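# Residue-level structural notes
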Amino acid sequence: MGNNSTIDIQNDELLACKLGSVKENDPTDGKEVDLYYQPGKAFFTMQIGEIALSKPTVAFKKCRKIIPCEQVYGVSTFEDFLLNDIGSTYRISILKKEENSDKFEILNFYFKREEDFVQAQLKLDEYNFADRDGVERNICVLVNPISGKKVSREYYFSILKPVLSFNSIKHSMFETQSATYIEEFITELDVNQTSFNEFVVIGGDGVFSQLLNALMKHSDSSKLIKFPIGIIPGGSTNSLCCALSGKNPYMASKNIANKSLLKGDIFRVNMNDSKKSIYSTALTYGLPSDLVIESENLRNIFGRYRYIATAVPKFIKPTKFPVYESEVFYKLEDDHQQQSSTDDAHIEGSDLRVCGISIPKIPDGDLRSDSTLFKFGNEWKKINIDEFLFHAIITHENRSSVGKDVNAPFARIDDGFMYLFGLKKCSRIEALTFLSRASKGTQVDYEKYFYQKATELRFKNPCGSYFCSDGEPYKSDDYTVKLLPGFVNLMGETVKE
Ligand SMILES: Nc1ncnc2c1ncn2[C@@H]1O[C@H](COP(=O)(O)OP(=O)(O)OP(=O)(O)O)[C@@H](O)[C@H]1O
């Protein structure tokens, strides 16, 4: 009766056998696959029938193949009565991609007996991404064709689309036609009419931020902000996507197909001078913001390397190295969890009013459902540094998809906190030392580096200053930042290190 082959299915590995050709819909027949279990293990036992393989004429050889979980991008099950003539045939297909390949392949397994098929289905259920929560998914995919290396379209057609299609996940794709496309698109969305129930952006942190802010401005923001959001890293730095799925568009697509959800922390920035507010996951002040603003007109020449092209002259030109003034105050509601590189001796404990800063008043119309905004139960503390090369607020570790840098290795997108970090006023050499350390993640104990966990922050910067939120510049010199823990449903998994 031909060869036998055994497949183990263990906790952390999915194993399968390759049956001759693995081309999609190839009606290779004449195979019978039995499935049975032993405690802690499951085996596929495969027997080759007498019926000759029809197409292609690859004789089945005894094989045993291990597919690690990370190579599996979905499992689909079918009852293909018409596929071949070996009777009531059931099929399980596995979408697989090997680590060093950019090609997907489909492995098909045929079952003669319904009970074997059902058992295999149960065993592989966690990879059956189509069937999540019993609700039909419909993803609105927004693609920014000009972000980063201009690969977002390609990522859609060669990665996300095949993965969603294999897993029978409904979606529609829209390319951003202009810088205001996402805002207009979301404004026009009627929550009661649309069948969309999830969003995916393919692009950088900028398009994610545009989506987030457009959702929060919508008249039905409280409903829309509950939609899960996925990100595929098509942008220049992709800091948020790196926190959710690493730098890998394949992993991001799998997390989206798998609807692997986490409650992501964001913050709201109230610009007290203009009475405007925005929502963000990363805000910078100082040199990085200036680089973002100055580099924008180099986007067409240097693409995602435009920041480096702008930064290099600052380090080699014999002009004064920049220094930025800023007064920074913070609150940490959960004081016992304090995490900081600044010990108490370096922090002036003080009430905000004592520091001579007026408590911001938010116009009623601007105050959304977030009633916890501006609780002044805790004391404000002042950071005892007032000259910086930069400071930043972040809700995640802030990895770069270009280099290996991790700016805030202690932060996680779902840890319920935001973090202020930065570099004090320093020389060129000290800034380069910081960059070198950040590239290895060893900057945390560098004397010029500082960080502070916070739930609320307040900044007073020189008149006419800019900051950047998720890579987009805003003019404001007086702003307050309030943490909104677990506010967005993001598709991804936090990095475990
Ligand atoms: N069709 C378009 N024409 C012009 N600008 C666009 C278009 N679509 C999107 N944009 C703008 O492109 C900008 C950059 O977007 P995005 O964040 O995706 O890429 P990036 O800046 O290269 O990456 P990162 O934010 O990760 O550094 C956003 O400000 C967005 O408004």
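Computed from a predicted structure; not experimentally measured.

Considering all chains together, one arrives at 14 salt bridges under this definition. With its nearest N and O atoms 2.8 Å apart, the salt bridge here joins R153 to E175. Taken as a pair, R153 in helix α2 (residues 152-166) and E175 in strand β10 (residues 170-175) lie far apart in primary sequence, 22 residues in all. For R153, a relative accessible area of 39% translates into the label partly exposed. As a salt-bridge pair, R458 and D478 come within 2.7 Å of each other at their nearest N and O atoms. With a gap of 20 residues between them, R458 in strand β23 (residues 456-460) and D478 in strand β26 (residues 478-491) connect regions that are remote in the sequence.

Now for the nonpolar core. Side chains that are nonpolar tend, in soluble globular proteins, to be buried together. Ranked by size, the top nonpolar core spans 57 residues in total, and within it L160, I186, F199, V200, I202 and L211 carry the most contacts. The contact partners of I186, leaving out residues within four places of it in the chain, are F199, L211, A214, L215, H218 and L224. Core analysis: the next-biggest nonpolar cluster, separate from the first, contains 46 residues, F267, V269, F390 and L457 among them.

A few words on the packing of aromatic side chains. Within the structure shown, the criterion is met by 19 aromatic pairs. With a centroid separation of 5.3 Å and an interplanar angle of 75°, the aromatic rings of Y73 and F104 are classed as edge-to-face. Pair noted here: Y73 is in strand β6 (residues 72-79) and F104 is in strand β8 (residues 104-111), with a separation of 31 residues, a long-range link. An aromatic cluster of three or more residues is present, and its members are F390, F410, Y419, F421, F434, Y449 and Y451. Cation over ring: K97 sits above Y250, and NZ or CZ is 4.2 Å from the ring centre. For the cation-ring pair, K254 lies above Y73, with the distance from its terminal atom to the ring centre recorded as 5.4 Å.

The subject of this paragraph is the site of the ligand. In the vicinity of the ligand there are 22 residues, among which T176, G204, G206, Q210 and S236 approach most closely. Backbone polar atom of D205 to an oxygen atom of the ligand: 3.1 Å apart, as the coordinates give it. In the environment of the ligand, an oxygen atom lies 3.0 Å from a nitrogen or oxygen atom belonging to the side chain of E472. Per-element tally for the shell around the ligand: the top contributor is helix α4 (residues 205-217), with four residues. Its residues placed into classes, the shell around the ligand shows four nonpolar, 14 polar and four charged. For the shell around the ligand, the domains that each give at least three residues are domain 2 (138-259) and domain 3 (269-487).

One can find N138 in strand β9 (residues 138-143). Relative accessible area serves as the criterion here: at 6%, N138 is assigned to the buried category.

Rules of the game
- Residues numbered from 1 in each chain as written.
- Predicted model: local features only at pLDDT ≥ 70, side-chain atom pairs only at ≥ 80, totals over all residues.
- Heavy atoms only, no water.
- Salt bridge = Lys/Arg side-chain N within 4 Å of Asp/Glu carboxyl O.
- Helix = DSSP H or I, 4+ residues; strand = E, 2+ residues; numbered from the N terminus.
- Buried < 20%, exposed > 50% of the residue type's maximum accessible area, 1.4 Å probe, protein only.
- Core = buried A, V, L, I, M, F, W, Y, C linked by side-chain atoms within 4.5 Å.
- Contact = heavy atoms within 4.5 Å.
- Phe/Tyr/Trp six-rings, centres within 6.5 Å; stacked < 30°, edge-to-face > 60°.
- Lys NZ or Arg CZ within 6 Å of the ring centre and 35° of its normal.
- Near = heavy atom within 4 Å.
- Polar contact = N/O pair within 3.5 Å; in protein donor to acceptor, adjacent residues only side chain to side chain.
- Nonpolar A, V, L, I, M, F, W, Y, C, P; charged D, E, K, R; others polar.
- Domains from an automatic or database assignment.

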